[in-house]
Amino acid sequence: VQEYAAPDEIPEATTRKRLNDLLSAVREVFGVPKERVALKTRSTGKGGSKYGNLDHRGEFLTVEEGAAKLQVNLFDYLDTGLFLDHRPLRRMVAAEARGKRFLNLFCYTAAVTVSAGLGGARATTSVDMSATYLDWSRRNLALNGLAAAQHELVRADCLRWLGAERRRWDLVSLDPPSFSNSKRMDETLDVQRDHVALVRAALRVLERDGTLLFSTNRRGFRLDVEALADLEVADLTAQSIDPDFNRKPVPHRLYRIRYRPARVTETS
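Below is a short write-up of the structure.

Cut-offs applied
Sequence order as written defines residue numbering, which begins from 1 separately in each chain. Totals for whole chains, interfaces and linings use every residue, but because this is a predicted model, local features are given only for residues with pLDDT of at least 70 and side-chain atom pairs only at 80 or more, for both listing and counting. By convention in this description, side-chain values take in all heavy atoms of the structure and omit both hydrogens and water. The numbering of helices and of strands both runs from the N terminus, where a helix is a DSSP run of H or I of at least 4 residues and a strand a run of E of at least 2. For the radius of gyration, the atom set is restricted to C-alpha positions; the globular benchmark scales as 2.2 Å times the number of residues to the power 0.38. Throughout, exposure labels follow a simple rule: accessible area from a 1.4 Å probe, protein chains only, divided by the maximum for the residue type, with under 20% read as buried, over 50% as exposed, and the rest as partly exposed. When DSSP finds two or more bridges between two strands, those strands count as paired. Helix axes are fitted to C-alpha atoms over the stretch in contact, other axes to C-alpha atoms as well, and angles between N-to-C directions run from 0 to 180 degrees. In this description, contact between two residues means that some pair of their heavy atoms is separated by no more than 4.5 Å. Any angle between 65 and 115 degrees counts as roughly perpendicular, while under 35 counts as roughly parallel, over 145 as roughly antiparallel, and the rest as oblique. Here is the rule for handedness: rotate from the far helix to the near one, and if that takes an anticlockwise turn smaller than a right angle the crossing is left-handed, while a clockwise turn gives right-handed. Here the nonpolar group is Ala, Val, Leu, Ile, Met, Phe, Trp, Tyr, Cys and Pro; Asp, Glu, Lys and Arg are the charged ones; every other residue, Gly included, is treated as polar. Working definition: rings of Phe, Tyr and Trp (its six-membered ring) pair if their centres are within 6.5 Å, and the pair is stacked with planes under 30 degrees apart, edge-to-face with planes over 60 apart, and tilted otherwise. A ring has a charge above it when a Lys NZ or an Arg CZ is no more than 6 Å from the ring centre and no more than 35 degrees off the ring normal. The length a helix should cover is 1.5 Å for every residue beyond the first. Our arc is simply the arc of the directions from the helix axis toward the C-beta atoms. What qualifies as a polar contact is a pair of N or O atoms within 3.5 Å, subject to a donor-acceptor requirement within protein and to the restriction that residues adjacent in sequence count only when both atoms come from side chains. Disulfide assignment relies on a single distance test, namely cysteine sulfur atoms paired within 2.5 Å.

**With respect to the overall build of the protein**
1) Next: Secondary structure assignment for the protein yields six helices and 14 strands.
2) Next: For 268 residues, the compact-globule estimate of 2.2 N^0.38 gives 18 Å, and the C-alpha radius of gyration of the protein, at 21 Å, lies within 12% of that figure.
3) Next: With the C-alpha coordinates of the protein rotated into their principal frame, the extents come out at 85 × 40 × 35 Å.
4) Next: Counting the 268 residues in the protein, one finds 43% classified as buried.

What follows is the structure in structure tokens.
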């Protein structure tokens, strides 16, 4: 249960009663005891939205999505370890990955990598700055029988890593955070401001006939079409949203980006 904090003008007693009534209803409808309900309260403070009520249980649950088994943590983190709105993206990757080399940038817990691996990817590489997320990724891969030798995990700043990398991949997933000021990064990252640079960096390691899937959860995001006019860009947002997330504003945007085919010049 994620609750958005009520405005200050509403009495605390009213909001507390409303939340308690809601939690009682949730426990009754789903038939679960109080300790099995995860509660996160979202409030606004300095630096933007914040979550309270986080726990430190270290309790991971295994869920199934199609053929994939994935670990989630409902209590300890801001997110559970699985972005539910990206189910269609994971299906797309699974369908396209067979025989290909797959790269997952800002991989989080590597759920998309698991989809690629189970879809028959020849090899995968997953990059993230967080040691916690990479450990989580390693468990997810192992849970699905995806051997470490074939599925590489890299701890790095994606932009710096892309600037130094010389290998190429056939299928790339790029899902950066909306904003990041991580201590391990030299500068802040703002996906609206920086998305062209991010896409261009990812294209450096994409095969000429490859596919880049670029997604973002940034509210009000606008793709800089003019800056990417030399590329084939298709907006897949509509087909990447399942019925339970079909609302406005959309929860994410998804684009398929490819190099334009080289023109053949006729010679006499």
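After that view of the structure, there is still more to cover.
**As for the sheet that holds strand β7 (residues 123-128)**
1) Next: With mixed pairing, the seven strands of this open sheet are ordered in space as β8-β7-β6-β9-β12-β14-β13. Among the strands making up the open sheet, the edge pair consists of β8 (151-155) and β13 (231-235). Taken pair by pair, the neighbouring strands of this sheet meet at an average axis angle of 15°, ignoring direction.
2) Next: Pairing geometry for strand β9 (residues 169-174) and strand β12 (residues 206-216), over five bridges, is parallel. By the bridge assignment, Val-172 is partnered in β12 with Leu-212.
3) Next: Against the sheet, helix α3 (residues 111-118) makes contact with β6 (101-105), β7, β8 and β9, and its axis sits at roughly 170° relative to β6, the strand it touches most.

**Some points on the packing of helix α2 (residues 87-96) against α3**
1) Next: Contact geometry of α2 with α3 gives a least axis separation of 7 Å together with a crossing angle of 30°. Taken together, the axis directions place α2 and α3 in an arrangement best described as roughly parallel. Pair α2 / α3 crosses with right-handed handedness. Facing α2, whose interface residues are Arg-90, Val-93 and Ala-94, α3 presents Ala-111, Val-112, Ser-115 and Ala-116.
2) Next: Taken together, the residues of the contact of α2 with α3 sort by class into five nonpolar, one polar and one charged.

**Observations regarding the pairing of strand β5 (residues 68-72)**
1) Next: Burial of β5 is extensive: four of the five residues sit out of reach of the surface.
2) Next: As consecutive antiparallel partners, strand β4 (residues 61-65) and β5 are separated by two residues, and within that stretch Gly-66 has a phi angle of approximately 60°, a positive value.

**Some thoughts on the packing of aromatic side chains**
1) Next: In total, this model carries nine aromatic pairs according to the counting rule given.
2) Next: Measuring from ring centre to ring centre gives 5.8 Å for Trp-161 and Trp-169, while their planes differ by 45°; the resulting arrangement is tilted. Both residues of the pair, Trp-161 and Trp-169, count as buried.
3) Next: Through a chain of ring-to-ring contacts, the aromatic side chains of Phe-60, Tyr-77, Phe-83, Tyr-108, Tyr-133 and Trp-136 assemble into a single cluster.
4) Next: Over the aromatic face of Phe-60 sits the side chain of Arg-139, whose NZ or CZ is 4.6 Å from the ring centroid.
5) Next: Sitting over the face of the ring of Tyr-259, Arg-208 holds its NZ or CZ atom 3.9 Å from the ring centroid.

**Examining helix α4 (residues 131-143)**
1) Next: Relative to the 18 Å expected for 13 residues at 1.5 Å per residue, α4 spans 18 Å between its end C-alpha atoms, a close match to the ideal helical length.
2) Next: The complete set of buried residues in α4 reads Leu-134, Trp-136, Ser-137, Asn-140 and Leu-141. On an axial view of α4, the arc spanned by its buried residues comes to 155°, and they lie on one face.
3) Next: For α4, the capping residue at the N-terminal end is Ser-130, with a side-chain oxygen 3.3 Å from the backbone nitrogen of Thr-132.

**Considering the side chain of His-151**
1) Next: One can find His-151 in strand β8.
2) Next: Other than its neighbours up to four places away in sequence, His-151 contacts Gly-117, Thr-124, Leu-141 and Leu-146.

**Let's talk about the state of the cysteines**
1) Next: Tallying each qualifying case throughout the model produces zero disulfides.
2) Next: Between Cys-107, a free cysteine, and Cys-158, which holds the nearest cysteine sulfur, the sulfur-to-sulfur gap is 7.6 Å.
3) Next: Residue class for Cys-107 comes out buried when judged on its relative accessible area of 6%.

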